[in-house]
Amino acid sequence: MAKFIGDKEIPLNFITPHYAGNSNITAQKGLFTHFTDSINYTHIAKPDRTPLDSRLKPYIFENIYKGDEHHIFIKITLPKSEAASLYELLKSSGYGTARLFPGYDGVAKQLLEKR
């Protein structure tokens, strides 16, 4: 399915893998992105691990905004002192280790974290 910014199409696809047989990806609701602006056939056997924002930003500014300054991603850096508070917020919202990694190992790790 095509993705758009305004009336401009961007070559980005979201791919949902088959969840059957992989309890971790099912719990995490994982997906892949496929950015198809160009194909470099010399690297076709290896996946491109370039961060999505690094691929999208130049494409959008060159093809859609034509050099105008727009912010399409916002990076939020949390101070280390807030990590414990965020962890507690995530746990209280139901996102503990046992949910992200279902099975005995995830439950055991979450119980150890409570200590």
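Look up a bit, the structure's there.
Numbers given for residues are sequential positions, taken from 1 along each chain in its written order. For this predicted model, a pLDDT threshold of at least 70 governs which residues receive local features, and a threshold of 80 or more governs which side-chain atom pairs are given and counted, while totals over whole chains, interfaces and linings are taken from all residues. With hydrogens and water stripped out, all remaining heavy atoms of the structure feed into the side-chain values.

A. Representation of the overall build of the protein chain within the structure. Helix and strand counts for the protein chain stand at five helices and four strands. Secondary structure follows DSSP: runs of H or I at least 4 residues long count as helices, runs of E at least 2 residues long count as strands, and numbering of each begins at the N terminus. Reading the secondary structure of the protein chain in the N-to-C direction produces β-β-β-α-β-α-α-α-α. We call two residues contacting when some pair of their heavy atoms lies within 4.5 Å. Here the contacts in the protein chain between residues at least 6 apart in sequence split such that 30% fall between residues at least 24 apart. In these tables, accessible area is a Shrake-Rupley quantity obtained with a 1.4 Å probe, and a residue counts as shielded only by the protein chains included in the view. Accessible surface, the protein chain: about 9500 Å² in total, of which carbon and sulfur atoms supply 58%.

B. The side chain of threonine 97, seen in detail. Mapping threonine 97 onto the fold places it in helix H4 (residues 97-100). Beyond its immediate chain neighbours, meaning those up to four positions away, threonine 97 contacts Gly106, Lys109, Gln110 and Glu113.

C. Examining the nonpolar core more closely. In this structure, Ile10, Leu12, Phe35, Leu56, Tyr59, Ile60, Phe61, Ile64 and Tyr65 together form the largest nonpolar core, which totals nine residues. It is helix H2 (residues 52-63) that contributes the most residues to this core, four residues altogether. What we call a nonpolar core is a set of buried Ala, Val, Leu, Ile, Met, Phe, Trp, Tyr and Cys residues that are connected through their side-chain atoms within 4.5 Å. Working definition: with a 1.4 Å probe on protein chains only, accessible area under 20% of the residue-type maximum means buried, over 50% means exposed, and in between means partly exposed.

D. Geometry of a nonpolar patch on the surface. Nonpolar side chains (Val, Leu, Ile, Met, Phe, Trp, Tyr) within 5 Å and like charges within 9 Å form the patches, drawn only from residues with over 30% relative accessible area and no salt bridge. Every case where a carboxyl oxygen of Asp or Glu lies within 4 Å of a side-chain nitrogen of Lys or Arg is listed as a salt bridge. On the surface, Leu78, Leu86, Leu89, Leu90 and Tyr95 cluster together into a nonpolar patch covering about 450 Å² of accessible area. The residue leucine 86 is located in helix H3 (residues 83-92) in this model.

E. Seen up close, the pattern of salt bridges. Counted by the stated rule, this structure contains two salt bridges. A salt bridge links lysine 91 to glutamate 88, with the shortest nitrogen-to-oxygen separation between them at 3.6 Å. Of this pair, lysine 91 and glutamate 88 both sit in helix H3, separated by three residues, roughly a single helical turn. Relative accessible area serves as the criterion here: at 43%, glutamate 88 is assigned to the partly exposed category. A salt bridge links aspartate 105 to lysine 109; the nearest nitrogen and oxygen atoms lie 3.4 Å apart.

F. Fine view of the packing of aromatic side chains. In this scheme Phe, Tyr and Trp rings, the latter by its six-membered ring, pair at centre separations within 6.5 Å, and the angle between planes marks the pair as stacked below 30 degrees, edge-to-face above 60, and tilted otherwise. This model, assessed by the stated rule, comprises zero aromatic pairs. Note on geometry: a ring has a charge over it if NZ (lysine) or CZ (arginine) is within 6 Å of the ring centre and within 35 degrees of the ring normal. Of note, arginine 99 hangs over the ring of tyrosine 95, and the distance from its end group to the ring centre comes to 4.2 Å.

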